[in-house]
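Commentary on secondary and tertiary structure
Residues per chain are reported as follows:
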Amino acid sequence: MKYVGITIGPIFKTIGEAISPAGLWFGSYFFSTVTKKLCEKLVEIPNVKIFSPFYDSNSNQNPQEDGIGRYHDRILFSIDGDTVIEGELPSIISAVKKEMAENFGEFNSGQIENFINNYLRIDFVILNEETMNEIIEKSGKDGNNIAIILNDALDALELMAAGKGRTDMNLFASFFAGKKDNRNCYIKGNELFTDTKLNSQLVISYSDHASELKSIEDIALSLKREEGSSKEVPEGEVAPTRSEYYAVVNSDGDKVGTLLKDLCRGVDISQQSDRINSFSKACLKYAGEAAELVGNYGGMTIYAGGDDLLFIAPVYSLFSLCRELDETFKNTLKKGLKEILSDVEINVSLSFGVAVQYVKYPLYEALERARVQLYKAKESCGNRLGIELVKHSGKTVQLMVENEKLEAIDTLITYRAAMKDQALESVLYNLQDTEIVFKLLFEKTAQNAFNLKEYKTRFLNNFNNPNQLDYHDYLENIAGFFYNNYLKEYKDKPETKEKIDGICIKRNISIGEYYTKELQAILFLVKFWQGGK
């Protein structure tokens, strides 16, 4: 038996050239289609068994029929040891590159085939069963398996091939730029778009392919309720007013490597591919459900492959959407693998990187900010959402919050209280003006020096101005939220807490300073979502 891994790129270099949501979508869908075409040709070879991504050649269903890329940038498969796959792969790769170039029609017809042939990096690694067993034995790592070993080999291969695929001119830049008065004209003329079953995530109206592809402004406005609408705002909620901002969200699975090890622990190498295929099938199901959730919310799914998700969305109820995605990921994998891992707890989650910014700010900046926030969330043990808000004024705020706390923060955002704007202003002003007082209060409470009643009394004493008495109930709600979700959990822990700053450098600060900054960030975000400046 031989085990083969294929890597496809450069994805991030390509979508980095995009200047619109349509460009991002096309860049992702292009590479997903490359993977799909490779799978189609591979399964024609006798005894090829693809176990990542999940690919069922006998199914009439097309996972990409909704126009959303489902296939990630790596293919893992096994094949009979007697088949000379080394000689067939190069011809398959060349054929796929040629087919992908043909989709561009008249766009740079004299150069596009040569460009795609040089630009696309499709590399592979082949390991026989003897080599695979030797690596497993030498590593001494419990649960090491064919998927982990192939992915490690592909990581090394990508580093060695980093200089390959360079071209003097990146034609994707001009393809995404379009024409002066019609930015998306080349995308709309590409066969990958014209052959796609349209949906509301991609276009404003999907009656035909002549409809306009959604812009950032369209996505930001997608959940805005028109003034004078007969639809009432539910009691206790705040109407979405932040239609001049949009969010880019990047999510990734946590403890997926551990899950793969659990899947294959103690399992013979010949049987591991079936278990990994079950995992791939569950991930494909999650990708479909996640894309549907994003679409129902008014967003545009850029890619949904494996445990990775990237989408653009309006900012209203964003935390609720992320909570739902996290629960969907957990439930889908637990349901898909319960028979295989009946005696093992499946302890997976999602980490999120979120960038919220003004609609006129460049898309590539939001992509980079979301990527950095996701990195920080993963570095903070995962199961977290990292968010950076960039206001129109240029003011920024960052927050790292555990997924379990998203509902509580969402409750603060949607809490409708009399004179809530003044209440938030009061808390934010006092937190800055008398910061040392709050540092000491939070530190002592976290160390169990004050109980909830004593803490609330001291918290509210900082807001005893006659003009502030009218909204003490709201202030008490804020105090209770912060105690229950932050201060109470820190008992019997060190006097310093690790924080990852804006340039991803870890540093230790006092717990008083840490919690003061956390509450400032939370309330600034609450103020933003309630329409404050």
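These lines cover the structure that appears in this document, whether it is placed above or below.

Thresholds applied
Residues numbered from 1 in each chain as written. Predicted model: local features only at pLDDT ≥ 70, side-chain atom pairs only at ≥ 80, totals over all residues. Heavy atoms only, no water. Buried < 20%, exposed > 50% of the residue type's maximum accessible area, 1.4 Å probe, protein only. Helix = DSSP H or I, 4+ residues; strand = E, 2+ residues; numbered from the N terminus. Pairing = 2+ DSSP bridges. Contact = heavy atoms within 4.5 Å. Polar contact = N/O pair within 3.5 Å; in protein donor to acceptor, adjacent residues only side chain to side chain.

The element strand E6 (residues 300-305) is largely enclosed, with a buried count of six among its six residues. Relative to strand E7 (residues 308-313), E6 runs antiparallel, the two being bridged by five bridges. In the strand pairing of E7, tyrosine 303 is matched with leucine 310.

It is worth spelling out helix H15 (residues 406-414) at this point. Most of H15 is tucked away, with seven of its nine residues classed as buried. Buried within H15 we find Leu406, Ala408, Ile409, Asp410, Leu412, Ile413 and Thr414. Each element contacted by the buried residues of H15 is listed here: helix H13 (318-337), strand E9 (384-390), strand E10 (396-402), helix H19 (472-487) and helix H20 (511-529).

Turning to the environment of phenylalanine 311, a few remarks are in order. Along the chain, phenylalanine 311 falls in strand E7. Sequence spacing of phenylalanine 311 and proline 21 is 290 residues, and the spatial spacing of their C-alpha atoms is 9.2 Å. Here phenylalanine 311 is in contact with Ala247, Val248, Val249, Val294, Met300, Thr301, Ile302, Leu321 and Leu325, once residues within four sequence places are set aside.

Time to look at the side chain of glutamine 201. Along the chain, glutamine 201 turns up in the loop between helix H9 (191-194) and helix H10 (216-221). Given the relative accessible area of 6%, glutamine 201 is considered buried. For glutamine 201, the side chain forms a polar contact with the main-chain oxygen of alanine 291, separated by 2.8 Å. One polar contact links the side chain of glutamine 201 to the main-chain amide nitrogen of threonine 301, over a distance of 2.7 Å. Apart from residues lying up to four places away in sequence, glutamine 201 is in contact with Ile68, Lys214, Ala291, Val294, Gly295, Gly299, Met300 and Thr301.

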